Structure formats: C-alpha cells, structure tokens
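Secondary and tertiary structure notes
Here is what each chain is made of, one letter per residue.
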Amino acid sequence: MREFWTSLASLMGVFAFCQSLLSIIFPPELRFAIIKTFTRLSNHFSSYCYFDITEMDGVSTNELYSAVQLYLSSSASISGSRLSLTRAVNSSAITFGLANNDTLVDTFNGVTVQWEHIVTQRQSQSFSWSSMPEEKRGFILRVKKSQKAMILNSYLDHITDRSAEIRRKNQDRYLYTNSKGASLDSRGHPWEAVLFKHPSTFETLAMDPKKKSDIMEDLRDFASGKLFYQKTGRAWKRGYLLYGPPGTGKSSMIAAMANYLGYDIYDLELTEVNSNSELRKLLMKTSAKSIIVIEDIDCSINLTNRKKSGTNSRYDSSSPSLQSGMRGGRNEECGNSITLSGLLNFTDGLWSCCGSERIFVFTTNHKDKLDPALLRSGRMDMHICMSHCSLPALKILMKNYLGLEEGEIEETVMRQFEEVIEKAEMTPADLSEVLIRNRRDKDKAVRELLEELKRRAVRSRKKGMIPGEQNSSEMEEAVEEEEQEKRALEIPKAGSEDEIIDGCSDDNDGDKKKN
Ligand SMILES: Nc1ncnc2c1ncn2[C@@H]1O[C@H](COP(=O)(O)OP(=O)(O)OP(=O)(O)O)[C@@H](O)[C@H]1O
Ligand SMILES: [Mg+2]
C-alpha cells in the first residue's frame, strides 16, 4: 500500500513538472491550442461522448441541471454506492442524490449511461452584478457515441418529464376554496388556499377491492393519457360522479384521488358564485393537474331557499337546485344566475379545454334527483356508487383501525359478520365509530362490532327493509327515519326535512360509464 502511494505521488510530481515545463516553454495561446488538439484527438479515438450540464448558464440558472438532479434522486434503475440525502424547503419528501464528485449509472431503453457530479470551488470574483454560488456544480453525462442521437431525442425529454412529475409529488398539495365568491385577493386570485394534508388513501378506503382497483386504473390511465387525448381530439379531462348515503366515503375518496395523483383540489362552493361568468372566471383560474370538486351537487344552487329554511344545505330537501326543471333556466327568484348549462359548458363544452389535465368530481346523496343532462354519457365519465359497508370493506376497516388481518379473526366470527353485514346496512362511518371507541381492545372491538351489526340487522328486518323483501317506498321511509335520527344528533334544532337515500340499491353498480 505504501508503495502505491509513493508511486502515485511521484506520478503527480512528473505531471506537475510537465505542466510547468509546458507553461515555461510555450506561450499561453499555444499551450491552449496544444491541450485542445490533444483533447480532440483523444475524443476522436474514444467511443464515448460527453455532455456538460452546468448549474449556472451564464448568470441564470440552468433548469436542466435541477431536472437531472431531481431525476437522479428517484430513478429506480439507478445504481450507485454513495448517495446524498436532501429535503427541499416546503417539501415533505426526502430525496437522495449523487454525492459530490461521484458517479452512477442509469439505464434507459436498454442503453446504459453514466452520470458524474462535479463540484469545484469558484474563483472568487472581485466584483459581480449577480451573486454566484461559491461552488461550481455540473453533471457530466457520458454516453456511447452510437447512442448520442437517442439520448438527445428521448432521454433528456424523459428526464424533464419525470422530474416535473417528481417535483409535483414532492411538493405539498393545496386545497383551494372560493369562500369569498369570485372576488380577487391581492395577487389577483379568486381562490384561497390551505395546505392539504388529508391522510385518506386508496389503501385506507373501505370499499370493494375490484371497484377500487378499477378506479385507480382509470385515474392512472387519465394521468398518463396526454397522447391518447390528443390523438382522439378530446379535452384532457375526466368527470366522476360519486353518489351514495352520507358517511360512505365520498369525500374520503376525493382526498384519496388527490393523494394518489398528487393533484391539488379546488372545492367549488357554487352557492358563493353569482353568475355563469363568475363561474367561468373561477374555473379559468384553476391549474392543470387538479381536481375540481362540487360536493352535494343536488343542493348546490338554490341558496335563497336554503337560507330561508335555515337548514343545512346537505339535507335540505326543499332545494331544487340542479335538479330537473332547473336545467338551463335562470334562478331569478334568488338572483343567482348560475345555470346547469353554464356549469356543463365547463365540464363538457368549449370551455372544458381551458386548462388541461383536470378532473371534475361531483358528489351527491341523491343521484336520482339529478338532472338527466348531468348524467348523460360524456358528462360524468364514471358513476361511482359508494354504498353501505360490505364484507371486504369491513375487513379493510378492521385492518386499518385494529391492525387485524383476515386470518387473525376466528372463522366462526367471520361467518357471523358475513351473515349480518349486508342486512345491517351500516355505513363505513358508522362502523368506524365503533372501532375508534374500542381501538385499545381488539377483542372487545370485534365483539361490539358484531353486536352492533346484529342489532342493526334485526332492526332492518323488523322494518321489513331487507333488500328484495319489501317494496322500495317502505325502505325509503325507514332510511329517512334513520337519517332524521342521525341529523338530530348532528344539527340540533336544524329541523331538517330529510330526503330519501337510496343506498345505491336502485343502481346497477358496475355503473361505470367509461367512454
Ligand atoms: N369507505 C370508507 N373508507 C374508510 N373510511 C370511511 C369510508 N366512508 C366513511 N369513512 C369514514 O367516515 C368519515 C366520513 O366519511 P366521508 O366524509 O368521506 O363520507 P361522505 O360519503 O363524504 O359523507 P357525506 O355524504 O355526508 O358528505 C370519514 O372521515 C372516514 O373516517
Ligand atoms: Mg362528503
């Protein structure tokens, strides 16, 4: 080892001597020409070519440098032995990158390339108009000459796209609201933003696994469908209608969608918007890669009626809003001139192409009350029924709240759950309450859950509302009664008149209307 260091030191000494000799013998211009020729010659015989991507391009920053840095921080195909870890300001994600003066290898379309990160000290400048970083940083990309064209055509594009995606995912997402109508803030924005940190994900969402994976697949196809939408001449947008009784996870689903795609959410409060033109302004100020949500679309517009009745909008059955009969008409009684056609113009008409990659989600407890125009194919691409808790959904809840896997629950108990779960017609929200209450004692939680389900199943049977046994009006009455009970707890003295909730039973639930 000692010999190695001695010979290395002597080699460096020789190199330094040659350099100083060169600088003594030749003037600087000639010296520069000799080095250049030498480099050219060696490049000519080398089978590689090199690309420099420096951090600064003159005095401005080179965006490609940060794109490469971000890309290298996440590429699964990358192999390297030494990586540096970083966390950007305002980001919740930790990324890894190439340590200074280190190399790593990446593979793209079967081609292997090498990246080297070079950091050198910048020579101090006596005077500069702009402050430059003290270190000079850059990436050197080494590629086989034969693959140069491919790298220039597709690899760098791939890096730019991937880094944009990573940047979006790493950044915190925002929930925007138009609580002040369409009035603009000091920066000219009509939306107020808050950080969006909802923990709901598709993993935590309790619903039929097949339906869940269909939705996830649909979202993935949408997000990666730029070329498809271009090719087919369609605006790059997608509409989802989520319907079902309260507490079945419609809002949780929206949060899961946003978390899954890394999109922002615009929660559009239609009652705060006075006209179609205001609506247009608001929607034009939404960004791409976002989910525009209108909750409880069936009771979103008739503000005056709602105010008069003094009831909670969600449950106010007197609100005709976007229901049949209001289509395209001016809601003059309450001075609100938003029309369904105004809204549809945005989701479906010419305005729908303003801003790409946007998802519209409408939610309702009463799909049957919606104007058929809203349900027409092409408007809401997918109709998703969020229904009462099924056995697979119950298993997910038990896993989430108690950490219980399927095999850990006794078979006899599981069979009892299976027997009562459909008959009980409980929502995931109802069941979550029982689980939260007893989360410290798993056995007790399972026992109580079963008891509660049995109790509800018996109650349903007594009311003669087990699906298929009685007619729908009896069923509706019973559900209405149940809802009134629930709301009496939620909104004291609201005196709300409840609407019938169909529990999705009238709909065929594959009810996907994919286009
Ligand atoms: N499918 C579900 N999976 C997991 N948790 C759920 C689900 N449905 C409801 N919950 C739980 O119940 C709570 C209420 O659910 P959520 O607000 O999503 O229901 P909703 O369908 O939007 O109700 P509403 O019609 O009243 O708006 C959530 O915070 C969540 O904890
Ligand atoms: Mg909701």
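Each chain has its residues counted from 1, running along the sequence as written. A letter from A marks each chain and a number from 1 marks each ligand, given out in the order of writing. Totals for whole chains, interfaces and linings use all residues, but because this is a predicted model, local features are given only for residues with pLDDT of at least 70 and pairs of side-chain atoms are given and counted only at 80 or more. No hydrogens and no water enter the side-chain calculation; it runs on all heavy atoms of the structure.

Short version of the rule: UniProt positions are given in the numbering used here, feature names are shortened, and annotations may be inferred rather than shown by experiment.
By the naming in an unreviewed UniProt entry, the protein is AAA+ ATPase domain-containing protein, taken from Nepenthes gracilis. Under the Cofactor (unreviewed entry) heading, UniProt states for the protein: "Mg(2+)". UniProt, in its Sequence similarities (unreviewed entry) section for the protein, records the words "Belongs to the AAA ATPase family. BCS1 subfamily."

**What to know about the pairing of strand 13 (residues 290-294)**
Note the threshold: A 1.4 Å probe rolled over the protein chains alone gives each residue an accessible area, and that area as a share of the maximum for its type sets the label: buried under 20%, exposed over 50%, partly exposed in between. Secondary structure counts use DSSP, requiring at least four H or I residues in a row for a helix and at least two E residues in a row for a strand, with both numbered from the N terminus. Here the rule is simple: two strands pair whenever DSSP picks up at least two bridges between them.
Most of strand 13 is tucked away, with five of its five residues classed as buried. Burial along strand 13 is two-sided: Ser290, Ile292 and Ile294 and Ile291 and Val293, pointing in opposite directions, are all buried. Where strand 12 (residues 264-267) lies against strand 13, four bridges are found, and the strand directions are parallel. Bridging across to strand 13, Asp267 finds its partner in Val293.

**Overview of helix 13 (residues 411-424)**
Defined as follows: The span expected for a helix works out to 1.5 Å for each residue beyond the first. Contacts are assigned to residue pairs that have any heavy atoms within 4.5 Å of one another.
Helix length check: helix 13 (14 residues) gives 20 Å between terminal C-alpha atoms against 20 Å at 1.5 Å per residue, within 8%. Val413, Met414, Phe417, Val420, Ile421 and Ala424 are the residues of helix 13 that are buried. Check the buried side of helix 13 and you find it contacts helix 12 (391-402), helix 14 (428-437) and helix 15 (442-462). One or two steps after helix 13, the chain reaches Glu425, where phi turns positive at roughly 45°.

**Some thoughts on the sheet that holds strand 14 (residues 358-364)**
Selection rule: To obtain each axis, a line is fitted to C-alpha atoms, and for helices this fit is confined to the stretch in contact; angles are then taken between N-to-C directions over 0 to 180 degrees.
In spatial order, the strands read 10-9-12-13-14-11-15; together these seven strands make up an open sheet with mixed pairing. Only two strands of the sheet have a single partner each, and these edge strands are strand 10 (192-196) and strand 15 (382-385). Across this sheet, the average inter-strand angle for adjacent strands is 20°, counted without regard to direction. Judged from the seven bridges that link them, strand 11 (residues 237-243) and strand 14 form a sheet pairing that is parallel. Across the sheet, the residue bridging to Leu241 is Phe362, located in strand 14.

**A few points about the confidence of the model for the protein**
Applicable threshold: Confidence scores labelled pLDDT are given residue by residue by the predictor and lie between 0 and 100.
Considering every residue of the protein, the mean pLDDT works out to 76; 66% of them sit at 70 or more. The model gives residues 302-335 a pLDDT under 50, and that stretch makes 84 contacts with residues more than four places away or in other chains. Across residues 490-503, where pLDDT falls below 50, the model places 36 contacts with residues more than four positions away in sequence or in other chains. Across the assembled chains, the prediction reports ipTM 0.99 with pTM 0.64.

**Focus on the environment of Ser73**
Assignment of secondary structure puts Ser73 in the loop between helix 3 (63-72) and strand 4 (83-86). A residue is classified by how much of its surface remains accessible, and Ser73, at 5% relative accessible area, is buried. It is 7.5 Å that separates the C-alpha atoms of Ser73 and Leu98, two residues lying 25 residues apart in sequence.

**Things to note about the pattern of salt bridges**
Inclusion rule: Salt bridges are identified by distance alone: a Lys or Arg side-chain nitrogen within 4 Å of an Asp or Glu carboxyl oxygen.
Summed over the entire model, instances satisfying the criterion amount to 11 salt bridges. The shortest N-O distance in the salt bridge between Glu55 and Arg137 comes to 3.9 Å. A residue pair is termed long-range when its members are at least 10 positions apart, and Glu55 in the loop between strand 1 (48-54) and strand 2 (56-57) and Arg137 in strand 8 (residues 135-144) qualify at 82 residues. Asp218 is the partner of Arg238 in a salt bridge, and the nearest nitrogen-oxygen pair spans 2.7 Å. Here Arg238 is found in strand 11, whereas its partner Asp218 is found in helix 5 (residues 209-223), with 20 residues between them in sequence. For the pair Arg238 and Asp218, a shared accessibility class is recorded, and that class is buried. Taken together, the shared-partner salt bridges connect Asp430, Glu452, Arg455 and Arg456 into one network.

**A closer look at the packing of helix 8 (residues 276-284) against helix 10 (residues 340-347)**
The condition that has to hold: Oblique is the label for every angle not falling under 35 degrees (roughly parallel), over 145 degrees (roughly antiparallel), or within 65 to 115 degrees (roughly perpendicular). With the far helix as reference, a near helix turned anticlockwise by less than a right angle produces a left-handed crossing, and one turned clockwise produces a right-handed crossing.
Here helix 8 crosses helix 10 at 25°, and the two axes come no closer than 9 Å. Of the possible angle classes, the one that applies to helix 8 and helix 10 is roughly parallel. As for how helix 8 packs across helix 10, the hand of that crossing is right-handed. Residues Asn276, Leu279, Arg280, Leu283 and Met284 of helix 8 touch helix 10, and the partners they reach there are Gly342, Leu343 and Phe346.

**Examining the packing of aromatic side chains**
The geometry of an aromatic ring pair is captured by the separation of the ring centres together with the interplanar angle, meaning the angle of the planes. Filter applied, for reference: Here a pair means two rings of Phe, Tyr or Trp (six-membered ring of Trp) with centres within 6.5 Å. Their orientation is stacked below 30 degrees between planes, edge-to-face above 60, and tilted elsewhere. Consider the ring centre and the ring normal. A charge sits over the ring if Lys NZ or Arg CZ is within 6 Å of that centre and within 35 degrees of that normal.
Applying the stated rule across the entire model yields 13 aromatic pairs. Arranged with centres 4.4 Å apart and planes meeting at 10°, the rings of Tyr176 and Tyr266 form a pair that is stacked. Taken together, the residues Tyr176 in strand 9 (residues 173-177) and Tyr266 in strand 12 connect sequence positions 90 residues apart. Note on Tyr176: relative accessible area 17%, which makes it buried. Here Phe222 and Trp236 contribute two aromatic rings whose centre-to-centre distance is 6.1 Å and whose plane-to-plane angle is 50°, an arrangement assigned as tilted. Highlighted residues: Phe222 in helix 5 and Trp236 in the loop between helix 6 (226-232) and strand 11, separated in sequence by 14 residues. Assessed through its relative accessible area of 1%, Phe222 is described here as buried. Connected via pairs of aromatic rings, a cluster forms that spans Tyr65, Tyr71, Phe108, Trp115, Phe139 and Tyr155. We note Arg142 situated over the ring of Tyr48; from NZ or CZ to the ring centre the distance is 3.9 Å.

**Here's the deal with the packing of helix 3 against helix 4 (residues 148-170)**
In plain terms, the rule: In this classification, Asp, Glu, Lys and Arg are treated as charged, Ala, Val, Leu, Ile, Met, Phe, Trp, Tyr, Cys and Pro as nonpolar, and every other residue, Gly included, as polar.
As a packed pair, helix 3 and helix 4 sit with axes 8 Å apart at the nearest point and diverge in direction by 75°. The orientation of helix 3 with respect to helix 4, classified from their angle, is roughly perpendicular. Mapping the contact onto sequence places Leu64, Ser66, Ala67, Val68, Leu70 and Tyr71 in helix 3 and Tyr155, His158, Ile159, Thr160, Arg162, Ser163, Ile166 and Arg167 in helix 4. Grouping the constituent residues of the contact of helix 3 with helix 4 by class yields eight nonpolar, four polar and two charged.

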